[in-house]
Amino acid sequence: MTKDNNEGLLAQIERYFNCELTDEEEMRLRLMIAHTSLRHPTVDEARAVMGIRRPAVRWSFRPLLAACSVAACLAVTAALGTSLLKTPGVGAQGNCIAYVNGEKITDEEAVLRLTIGNLTDLESGHEEVRESMMEDIRQIVPEVDKFEVDGNPFAE
């Protein structure tokens, strides 16, 4: 909000506390207070009196994307660390077994090559996944913005 808008909001709140607003003006004031990011003692007091818990928050998908990326990295690191730190020969039977297309493979070198190949594919695909997620987010953001603007007649 601009300085003039902030002063106008504070003036409206003053009129509210003096019981000088019409029902329609009070409804608009409630919407303005619910959606303003202005931090001011008068605004906080009006929120408390009107029963508004917190201002509406504009959503951003970047923290979610960052959290997902970190979680994926941690999961891969934990899986690799666990598999690399295991003592050879320790397990249910001490055997290295992989099933590929229904075929059982017990050669440890072949299983290791398959595992490394799969990890390489997984690592090389992360950029495609990231781009796909960003494209999805780019498609969603205008709709979210439209919803926020339509729901708030005072949006800038």
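Reading guide: rules and limits
- Residues numbered from 1 in each chain as written.
- Predicted model: local features only at pLDDT ≥ 70, side-chain atom pairs only at ≥ 80, totals over all residues.
- Heavy atoms only, no water.
- Salt bridge = Lys/Arg side-chain N within 4 Å of Asp/Glu carboxyl O.
- Helix = DSSP H or I, 4+ residues; strand = E, 2+ residues; numbered from the N terminus.
- Buried < 20%, exposed > 50% of the residue type's maximum accessible area, 1.4 Å probe, protein only.
- Polar contact = N/O pair within 3.5 Å; in protein donor to acceptor, adjacent residues only side chain to side chain.
- Core = buried A, V, L, I, M, F, W, Y, C linked by side-chain atoms within 4.5 Å.
- Axes fitted to C-alpha atoms, helices over the stretch in contact; angles between N-to-C directions.
- Left-handed = near helix turned anticlockwise from the far one by under 90°.
- Contact = heavy atoms within 4.5 Å.
- Nonpolar A, V, L, I, M, F, W, Y, C, P; charged D, E, K, R; others polar.

### Re the pattern of salt bridges
Line of reasoning, step 1. Taken as a whole, this structure holds six salt bridges when the rule is applied.
Line of reasoning, step 2. Put simply, glutamate 24 and arginine 28 hold a salt bridge, and the shortest N to O gap is 3.5 Å. Of this pair, glutamate 24 and arginine 28 both sit in helix α2 (residues 23-35), four residues apart, which is roughly one turn of that helix.
Line of reasoning, step 3. Arginine 28 sits in the partly exposed class, given a relative accessible area of 37%.
Line of reasoning, step 4. Note that arginine 130 is salt-bridged to glutamate 131, the shortest N-O span being 3.4 Å.
Line of reasoning, step 5. Exposure remark for arginine 130: the relative accessible area of 38% places this residue in the partly exposed category.
Line of reasoning, step 6. On the accessibility criterion, glutamate 131 (36% relative accessible area) is partly exposed.

### Topic: unusual backbone geometry
Line of reasoning, step 1. With a phi close to 60 degrees, cysteine 19 is a non-glycine residue in the positive phi region.
Line of reasoning, step 2. If you trace the backbone, cysteine 19 turns up in the loop between α1 (3-17) and α2.
Line of reasoning, step 3. Looking at cysteine 19, the relative accessible area reads 71%, which means it is exposed.
Line of reasoning, step 4. Despite not being glycine, asparagine 101 shows a phi value in the positive range, around 50 degrees.
Line of reasoning, step 5. Note that asparagine 101 resides in the loop between β1 (98-100) and β2 (103-105).
Line of reasoning, step 6. With a relative accessible area of 80%, asparagine 101 lands in the exposed category.

### Looking at the side chain of threonine 36
Line of reasoning, step 1. In this fold, threonine 36 is placed in the loop between α2 and α3 (41-50).
Line of reasoning, step 2. Within polar-contact distance, the side chain of threonine 36 engages the backbone nitrogen of leucine 38 at 3.1 Å.

### Details of the nonpolar core
Line of reasoning, step 1. The biggest cluster of nonpolar side chains holds 13 residues, and the ones touching the most others in it are Leu9, Ile13, Leu29, Ile33, Val43 and Met50.
Line of reasoning, step 2. Taken together, the elements giving at least two residues each to this core come down to α1, α2 and α3.

### Remarks on the environment of aspartate 44
Line of reasoning, step 1. Take aspartate 44: it is sitting in helix α3.
Line of reasoning, step 2. With eleven residues separating them in the primary sequence, aspartate 44 and isoleucine 33 have C-alpha atoms 8.9 Å apart.
Line of reasoning, step 3. In terms of polar contacts, aspartate 44 uses its side chain to reach the side chain of arginine 47, at 3.1 Å.

### Some remarks on the packing of α2 against α3
Line of reasoning, step 1. Here α2 crosses α3 at 120 degrees, and the two axes come no closer than 10 Å. Relative to α3, α2 is oriented so that their crossing is left-handed. Note on element contacts: α3 touches α2 through Val43, Ala46, Arg47 and Met50, opposite Leu29, Arg30 and Ile33.
Line of reasoning, step 2. In terms of residue class, the contact of α2 with α3 is made up of five nonpolar, no polar and two charged.

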